[in-house]
Amino acid sequence: MNAVPQPSRRRFLKAGAVLGGGLVIGFVIPGARRYALAAPAAASAAAPFVPNAFLRIGEDDSVTVLIAHSEMGQGVWTGLAMLVAEELDADWSKIRVEHAPAAPAYAHTAFGQQMTGGSTSTWSEFDRYRQAGATARQLLVAAAAQRFGVAEADIRTENGVVVAGTQRARYGELAADAAKLPAPKAAPVLKDAKDWKIIGKPTKRLDSPEKITGRAKFGMDVQFDGLLTAVVARAPVFGGTVKSFDAAAAKAVPGVRDVVQVPSGVAVVADHYWAAKQGRDALKVDWDLGPNAGLDTVKLREEFRKLAATPGAVAAQAGDAAAALAKAGKTLDAEYHTPYLAHAPMEPLNCTVKIDGDGCEIWTGTQFQTGDQHAAAGILGLKPEQVQIHTMFLGGGFGRRATTNSDFVSEAVQVAKAAGKPVKTVWSREDDVRGGYYRPMYLQQARIAVDAQGYPVAWQHRMVGQSIIGGTPFEALMVKNGVDATSVEGVSDSPYLKDIPDHRVELHSPKTGIPVLWWRSVGHSYNAFVMESLIDELAHAAKKDPVEYRRALLKSHPRHLAALNLAAEKAGWSTPAAQGRGRGVAVHESFGSFLAQIAEVSVENGAIRVHRVVCAIDCGLAVNPEGVRAQMESGIAFGLGAALHSALSFQDGRVQQSNYHDYQVLRLNEMPQVEVHIVPSTERMGGAGEPGTAPIAPAVANAVFALTGQRLRELPLRLKA
């Protein structure tokens, strides 16, 4: 998430009405105006049955599910289609999937805007997509009752067929008749869990054949006659602006059509990418570097350390931590540091824009359709509904394609507007890594008092790092009394702190000029590292087994404990690790899911090697267990890259890294064996896209300590010589 904050959950589904001669089900969504997707007023024989905004049924029995969320590898094309198919009693082999258009009907049920993030897609749509399938089934049954001359109660459905005694009709045969019926006045009754045939069953992904065969279209694949390509020269320092530029050499490059200034810099527009890139390389720009030309991460770190010596905004407190620490007999003091990180998706940013007199078409991989639609409309003086967004497959997102200011889409619209022609604006990976919006750097200090048994009784925790929510539309909701909830998540609400009588968590949110953004698992990505490393430090100081120590601390937290126990059992924690290897454990809750991970590591030629990771997750109902397992593997791989390699640094205001050679992510040969175990659970459903990322860094760091005795308090993990 994918990665934006998780909101509170609200139920919202409401039956709609019939407009004209077409069948429509309307959905009322908090924060969005009423919208409905209608079938044609006079349906022809070839027209599909469109019972609501989320599916259509063709005469060929195909069931096309429109997915309101973006597919970026997390599996929503399959998981959400499973919800529809279950209640529709559809033939799974007939299911087809498309990205939904940008429209209020597809607004997120909690955010009120069409978007993908926060590991929310499945639980937020669990009711809506099942209702959509059940409504369609109800109309098909009603149409069959009229055709067969029987009561609806005497009809059953199975595998895309309506059955009444010896009479049978395929869904496709009934589609035209069903389209003529009025929408149900009441919401249909949904199936009991015991009757599910699809939900909860491991299911192969529907987007895999598209990607394996090359049929899947990503934003970078968009091409049509007359489309030009642009590359933008942006200031080398954030906040810099163009003083002047000389386009003569750029225009002399074969294939370059135009050079235009836009708010973000200077765009070279050409017949193809290579000409645009060469043109940009030849472009001469005189930059005003602005106030951030002196940015330096080494200096920033020292500034953060000075801030940590002063009181911050209170994020959580109980009792009197200062007094308890002052009289404590034994304390632990520790400082942890985590760096700026880029999202670095495999497919760099890109956006294609075509503007005509009546509107604008946009093709892009985005996590934020509503924001992009409104941003484009504002630039062009259009109404949002005049901007059509075609959501393409995303070659990775991790939060970067969900900026609240729609930066890369807005830039592409500005380029196409200035060029006066359809243009695909393409970022190189170097542009992407150096182009802004990073996970923020954090420095954290903790002082912990323990009792005679080594268990914490007082905890003082100070955090210093940028807010990603400040200045965004989410600020009013998620920043309270100077505390960004995403900055402190996983610390202020830690189960460990809840049971400590005297604790205090404080936050400083300095402004630096470096643009920051949610990154897969958001604040949990660094806070899990700090908290689970600190708990491990306490366990070893108390001379207690790290798993047993956590069991004692989590005795009143059954979902944490269930994940921990399952991971420990499957990893063989009670047996010694192999010669030359160490094991480490971490337990963490994020996005409504509870995880434990146990990593097994060795040291090879001075470098950390991760051989095996055992992961246990309680995410409530796993709609598609196969999808949950895949997301745990994905999150672990993503988090391992950051744990072992990735870091961004600034010097003289400039990002020092540029591509995978110096901003390294996990290599294929470094991928460990990963075993995923799902805790059987009927608890509230959580997310799966992000939680797997958070615990892996502390699990590895704790394993390194178990093996070498070195306590690593900084990411990426580096062994001392």
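Residues numbered from 1 in each chain as written. Predicted model: local features only at pLDDT ≥ 70, side-chain atom pairs only at ≥ 80, totals over all residues. Heavy atoms only, no water.

### Digging into the overall build of the protein chain
When its secondary structure is counted, the protein chain shows 19 helices and 29 strands. Here the protein chain holds 721 residues, and 60% of them are scored as buried. Per element, the accessible surface of the protein chain, about 27,600 Å² overall, is 51% carbon and sulfur. Taken together, the 76 basic and 72 acidic charged side chains of the protein chain have centroids lying 1 Å from each other. (Helix = DSSP H or I, 4+ residues; strand = E, 2+ residues; numbered from the N terminus. Buried < 20%, exposed > 50% of the residue type's maximum accessible area, 1.4 Å probe, protein only. Areas by Shrake-Rupley, 256 points an atom, 1.4 Å probe, with all protein chains shown as cover. Lys, Arg positive; Asp, Glu negative; His and termini not counted. Charge placed at Lys NZ, Arg CZ, Asp CG, Glu CD.)

### Focus: the sheet that holds strand β18 (residues 423-426)
Strand order in the open sheet formed by 7 strands is β10-β11-β8-β18-β15-β16-β17, and the pairing between neighbours is mixed. The open sheet has two edge strands, β10 (256-262) and β17 (387-391), and neither has a second partner. Each strand of the sheet is rotated relative to its neighbour by a mean of 25°, with strand direction disregarded. Pairing analysis gives 6 bridges linking strand β8 (residues 228-234) to strand β11 (residues 265-270), with the strands arranged antiparallel. When the sheet's bridge partners are listed, Thr 229 is paired in β11 with Ala 270. Sheet strands in contact with helix α9 (residues 369-380) are β15 (350-356), β16 (359-364) and β17, and its direction is about 145° off that of β17. Across the sheet, helix α10 (residues 407-419) is in contact with β8, β10, β11, β15, β16 and β18; its angle to β15 comes to roughly 40°. (Pairing = 2+ DSSP bridges. Axes fitted to C-alpha atoms, helices over the stretch in contact; angles between N-to-C directions. Contact = heavy atoms within 4.5 Å.)

### Considering the packing of helix α2 (residues 121-148) against helix α3 (residues 171-179)
Running from amino to carboxyl end, α2 crosses α3 at an angle of 90°, the nearest separation of the two axes being 9 Å. In this view, α2 runs roughly perpendicular relative to α3, as classed from their interaxial angle. Mapping the contact onto sequence places Leu 139, Leu 140, Ala 143, Ala 144 and Arg 147 in α2 and Tyr 171, Glu 173, Leu 174, Ala 175, Asp 177 and Ala 178 in α3. (Parallel < 35°, antiparallel > 145°, perpendicular 65-115°, else oblique.)

### Focus: unusual backbone geometry
Across the junction of Leu 715 and Pro 716, the peptide omega takes the value -5°, indicating a cis bond. Even without being glycine, Phe 591 reaches a positive phi, approximately 55°. Relative to the helices and strands, Phe 591 resides in the loop between β24 (582-590) and β25 (593-604).

### Overview of the packing of aromatic side chains
Each aromatic ring pair is summarised here by two numbers: the centre-to-centre distance and the angle between the ring planes. This structure, assessed with the given rule, holds 17 aromatic pairs. Their ring planes at 55° and their centres at 6.2 Å tell us that Phe 238 and Phe 650 sit as a pair that is tilted. Residue Phe 238 is located in the loop between β8 and β9 (241-246), and its partner Phe 650 is located in strand β27 (residues 650-651); the two are separated by 412 residues in the primary sequence. Exposure remark for Phe 238: the relative accessible area of 14% places this residue in the buried category. Three or more aromatic residues joined by ring pairs form one cluster here, namely Phe 238, Tyr 340, Tyr 438 and Phe 650. It is Lys 354 that lies over the ring of Phe 224; its NZ or CZ is 5.9 Å from the centre. Positioned over the ring face of Phe 638 is Arg 520, at 5.5 Å from the centre of the ring. (Phe/Tyr/Trp six-rings, centres within 6.5 Å; stacked < 30°, edge-to-face > 60°. Lys NZ or Arg CZ within 6 Å of the ring centre and 35° of its normal.)

### Notes on the side chain of Glu 675
Relative to the helices and strands, Glu 675 resides in strand β29 (residues 673-678). On the basis of relative accessibility, which here comes to 19%, the residue Glu 675 falls in the buried class. Polar side-chain contacts of Glu 675 include one of 2.7 Å to the side chain of Arg 612. In contact with Glu 675, not counting residues within four places along its chain, are Lys 570, Arg 612, Val 613, Val 614 and Cys 615. (Polar contact = N/O pair within 3.5 Å; in protein donor to acceptor, adjacent residues only side chain to side chain.)

### Details of the packing of helix α15 (residues 524-541) against helix α16 (residues 546-553)
Following both chains from N to C, one finds α15 and α16 inclined at 110°, their axes separated by 9 Å at the closest point. Taken as axis vectors, α15 and α16 run roughly perpendicular relative to one another. Note on element contacts: α16 touches α15 through Pro 546, Tyr 549, Arg 550 and Leu 553, opposite Glu 532, Ile 535, Asp 536, Leu 538, Ala 539 and His 540. Residues that form the contact of α15 with α16 fall into these classes: 6 nonpolar, 1 polar and 3 charged. (Nonpolar A, V, L, I, M, F, W, Y, C, P; charged D, E, K, R; others polar.)

### Regarding the pattern of salt bridges
According to the stated counting rule, one finds 39 salt bridges in the structure shown. Asp 89 is the salt-bridge partner of Arg 137, the closest N and O atoms lying 3.6 Å from each other. Of this pair, Arg 137 sits in helix α2 while Asp 89 sits in the loop between α1 (76-88) and β4 (95-99), and the two are 48 residues apart along the sequence. Here Glu 548 and Arg 551 are joined by a salt bridge, their closest N and O atoms 2.5 Å apart. With Glu 548 and Arg 551 both in helix α16, this residue pair falls 3 residues apart, about one helical turn. Since its relative accessible area comes to 25%, Arg 551 is described here as partly exposed. (Salt bridge = Lys/Arg side-chain N within 4 Å of Asp/Glu carboxyl O.)

### Some words on the nonpolar core
Membership of the largest hydrophobic core comes to 78 residues, with the highest contact counts inside it found for Trp 459, Leu 534, Ile 608 and Val 700. Ranked by residues supplied to this core, first place goes to α15 with 8 residues. One finds Ala 68, Val 76, Met 82 and Val 623 within the second-largest nonpolar core, a separate group that totals 56 residues. (Core = buried A, V, L, I, M, F, W, Y, C linked by side-chain atoms within 4.5 Å.)

### What about the sheet that holds strand β2 (residues 55-57)?
As summarised here, the arrangement of the 4 strands in space is β1-β2-β3-β4, forming an open sheet in which the pairing is mixed. In this open sheet, the two edge strands, each paired with only one partner strand, are β1 (49-52) and β4. Neighbour-to-neighbour, the strand axes of this sheet turn through a mean angle of 25°, independent of strand direction. With 3 bridges connecting them, β2 and strand β3 (residues 63-67) associate as antiparallel partners. Bridge assignment links Ile 57 to a residue of β3, and that residue is Val 63. Where α1 meets the sheet, it contacts β2, β3 and β4, and its direction lies at approximately 130° from that of β3. Docked against the sheet, α2 engages β1, β2 and β3, running at close to 130° with respect to β1.

### A few points about the environment of Phe 474
Checked against the element boundaries, Phe 474 lands in the loop between β20 (456-465) and α12 (475-478). Put simply, Phe 474 and Ala 318 are 156 residues apart on the chain and 27 Å apart in space, counted from C-alpha to C-alpha.

### Describing the state of the cysteines
Tallied over the full model, the rule gives 0 disulfides. In this structure Cys 615 is not part of a disulfide, and its nearest cysteine sulfur, from Cys 619, lies 10.0 Å away. Residue classification places Cys 615 among the buried positions, given a relative accessible area of 0%. Judged by relative accessible area, which is 2%, Cys 619 ranks as buried. (Disulfide = S-S within 2.5 Å.)

### Things to note about the side chain of Arg 612
Along the chain, the position of Arg 612 falls in strand β26 (residues 607-618). Side-chain polar atoms of Arg 612 contact the backbone oxygen of Lys 570, separated by 3.1 Å.

### Quick look at α10
Along its 13 residues, α10 runs 18 Å from first to last C-alpha, staying within 8% of the 18 Å computed at 1.5 Å per residue. Of all 13 residues that make up α10, 10 are buried, and the element is covered over most of its length. Among the residues making up α10, those that are buried are Asp 407, Phe 408, Val 409, Ser 410, Glu 411, Ala 412, Val 413, Val 415, Ala 416 and Ala 419. A positive backbone phi angle near 75° is found at Gly 420, which sits one or two residues after α10. (Expected span 1.5 Å × (residues − 1).)

### Here's the deal with the confidence of the model for the protein chain
For the protein chain, the mean per-residue pLDDT works out to 93, and 94% of the residues sit at or above 70. By mean pLDDT, the top-scoring element of the protein chain is helix α19 (residues 696-708) (99), and the lowest-scoring one is β1 (92). The low-confidence segment residues 6-45 (pLDDT under 50) makes 109 contacts with residues lying over four places distant or belonging to another chain. (pLDDT = per-residue confidence, 0-100.)

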